[in-house]
Amino acid sequence: MKRKYLKGLIVIVGIIIGGLFIYQDINKENKPLPEVKLKEIVNKNKSFAIMIQENSETDKYQEYSSNTWPGDDYVFKEAKCIDNNGNEIKEAVTYENDKITLTTNKTVYCTVYFDKSIIGKLRENEELANKDNLSKDLQGGMYRYQGTDDVHNWICFGTEENCGTNDDNIDKYMYRIIGITKEGQLYLLKETFLKEGNINNFAWNSKHTLPDCLGEACEWPNVNLYKRINGKSNGETPGNNSYPDYKGDTNVFLGTSEHTSPYEYLTEGNEWFNLIIYHDWMYGDTNISSWSNSNAYNGDYMYAIETGNTSTKRTWPYEDIQTTCSDDGPCTEKDYTWSKSVPAKIGLMYMHDVDYAYKDGNPRNYANVANSWIHFQKDGYNLSPSYEWLISRFGVVDSSSTSVKVMDVGYNGALTTGTLSGSAGSRPTFYLTPSITLTGAGTKENPYIIHSI
């Protein structure tokens, strides 16, 4: 008799005749559990229950007694079923797309197990450290780390060793967790600026004026920095001689076997390279900066713009006149909505990423941005250059200038603008596959370590 799976707990009782399918939709929105429909009800008071992992470091489970499904803190592990005689019924339960499907023509008793998810692991460590930095609700599409000092979101990437031991390792392997999606995709930010030899400041793009930047020429998927961080550069495009720090169109983050980068663990085909998933990076323009609008420091406001959910303004030449603003008088200000995206592994921060890192997602001013954990100089690194590029472009070109600009973060926390061909620091961002496990505590001394599964 194989009654070891019962343990006094009946999780699903099903009598399904003639290939009838019963499925329970676990969409992780904390909906009330649906009643199990049975031809005959056996012990109705114990008709449904779940076993959840007690903590991420053990294989012990406890009964889950809530009348809602386990939330994002848990992930389905397995289901074990037996029949009336105690015989194990294999492959009676399948799990796909957040749905459990039970398929059998017998009376079965099933125990469904849920493990702590990556989100659950992060929250568990927050509780152990008496911290409250990971948002309880979704902020800008994910649970985000928000706060100023001693935020436990340090994580090594590119090595399974502790990378917080010295500055060289920190520069090469240390990242921070911006947040995590409800699907379990970690959103990472490099702790220090990219480096190529002794160079750590790069141009966003070599072309930077009208009419060269009309149309899509200077939009994110076509600019030098996008290509350089995504391994799409061939090293043949010349640099801008006006800016000696700009070395040309070489790869500075992801690399290929033909065109390498300074970070060998991110060469195409490497296991770390493969952990980074393709993400649809939206891109576009906005006329909002800290000089013109205090909403630059409001996460919800900027997230709505930078995801195309609300319009902004853009001052640009007439769409049907291929000329510069100064040649044709003032440019036209029109309503403008983000609508384009590019699938890529690597991006840069948005304005809303900067805002949401503050404790309520609304820093309100540049001083609070500078005090936020996400600011590039907060931890004593990145003291030069004194500005950091963002992915969002500044959509204002007027008759007094033909220069196209992009958003950046200043040493003082101000969300300002810089000319595309200027020099600033860059910290790549990317999303990881959820099929990983984590160890560690998330501190600088004991950062999270990634293990693929």
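A quick note: this is a predicted structure, and the numbers were derived from the prediction, not measured.

A. Inspection of the pattern of salt bridges at higher detail. What the rule picks out here adds up to 19 salt bridges. As a salt-bridge pair, Glu191 and Arg176 come within 3.4 Å of each other at their nearest N and O atoms. Taken together, the residues span a long stretch of sequence, with Glu191 in the loop between β12 (186-190) and α3 (224-229) and Arg176 in strand β11 (residues 174-180) at a distance of 15 residues. Across this residue pair, the class does not change: Glu191 and Arg176 are buried. Residues Arg364 and Asp360 are paired through a salt bridge, measuring 2.9 Å at the closest nitrogen-oxygen approach. Under the relative-accessibility criterion, Asp360 is labelled partly exposed at 37%.

B. Broad picture of the packing of aromatic side chains. Counting across every chain of the model gives 21 aromatic pairs. Between Tyr61 and Tyr113 the ring centres are 5.2 Å apart and the planes differ by 75°, which places this aromatic pair in the edge-to-face class. Placement of the pair is Tyr61 in strand β4 (residues 61-64) and Tyr113 in strand β8 (residues 107-116), with a sequence separation of 52 residues. Tyr113 carries the same exposure label as Tyr61, and that label is buried. Each ring, one from Phe253 and one from Phe430, has its centre 6.2 Å from the other, and the planes form 35°; the classification is tilted.

C. The arrangement of unusual backbone geometry in detail. Looking along the chain, the bond that leaves Leu210 and enters Pro211 is cis, with omega of 10°. Examined against the element boundaries, Pro211 turns out to sit in the loop between β12 and α3. Residue Pro385 follows Ser384 across a cis peptide bond; omega there is 0°. In this structure, Asn130 is a non-glycine residue whose phi angle is positive, near 55°. By the secondary structure assignment, Asn130 is in the loop between α1 (118-128) and β9 (143-144). Of note in this structure, Asn382 is not a glycine but carries a positive phi near 55°. Along the polypeptide, Asn382 turns up in the loop between α7 (366-371) and β18 (387-394).

D. Up close: the confidence of the model for the chain. The pLDDT averaged across the chain works out to 85; a share of 84% of its residues lies at or above 70. Segment residues 1-47: pLDDT under 50, and 115 contacts once partners within four positions in sequence are set aside and those in other chains are kept. Between residues 238-247, whose pLDDT stays under 50, and residues either more than four places distant or in other chains, the model counts 20 contacts.

E. Structural context of the side chain of Arg144. As for its placement among the helices and strands, Arg144 is situated in strand β9. Residue class for Arg144 comes out buried when judged on its relative accessible area of 1%. A distance of 3.0 Å separates a polar side-chain atom of Arg144 from the backbone oxygen of Gly140. Apart from the residues lying within four places of it in its own chain, the contact partners of Arg144 are Asn133, Leu134, Ser135, Gln139, Ile178, Gly179, His352, Asp353 and Tyr356.

F. Representation of helix α5 (residues 299-306). Among the residues of α5, those classed as buried are Gly299, Met302, Ala304, Ile305 and Glu306. Sitting at the head of α5, Asn298 places a side-chain oxygen 3.1 Å from the backbone nitrogen of Asp300. Count one or two residues on from α5 and you reach Gly308, which has phi positive near 75°.

G. Structural view of α1. Of all 11 residues in α1, 9 are buried; the element is thus mostly enclosed. All of the buried residues along α1 are Ile118, Ile119, Gly120, Lys121, Leu122, Arg123, Glu124, Asn125 and Glu126. Elements that come into contact with the buried residues of α1 comprise β8, β9, β11, β12 and β22 (436-439). Sitting at the amino-terminal end of α1 is Ser117, which places a side-chain oxygen 3.4 Å from the backbone nitrogen of Ile119. Directly after α1, the chain includes Asn130, whose backbone phi takes a positive value near 55°.

H. Region of interest: the state of the cysteines. According to the stated counting rule, one finds 4 disulfides in the structure shown. Paired through a disulfide, Cys325 and Cys331 show a sulfur-sulfur distance of 1.4 Å. Since a negative S-S torsion denotes a left-handed disulfide, the Cys325-Cys331 link at about -50° is left-handed. The two residues Cys325 and Cys331 agree in class, both being buried. When the cysteines engaged in disulfides are numbered in sequence order, the chain pairs them as 1-2, 3-4, 5-6, 7-8.

Reading the values: the criteria
Residues numbered from 1 in each chain as written. Predicted model: local features only at pLDDT ≥ 70, side-chain atom pairs only at ≥ 80, totals over all residues. Heavy atoms only, no water. Salt bridge = Lys/Arg side-chain N within 4 Å of Asp/Glu carboxyl O. Helix = DSSP H or I, 4+ residues; strand = E, 2+ residues; numbered from the N terminus. Buried < 20%, exposed > 50% of the residue type's maximum accessible area, 1.4 Å probe, protein only. Phe/Tyr/Trp six-rings, centres within 6.5 Å; stacked < 30°, edge-to-face > 60°. pLDDT = per-residue confidence, 0-100. Contact = heavy atoms within 4.5 Å. Polar contact = N/O pair within 3.5 Å; in protein donor to acceptor, adjacent residues only side chain to side chain. Disulfide = S-S within 2.5 Å.

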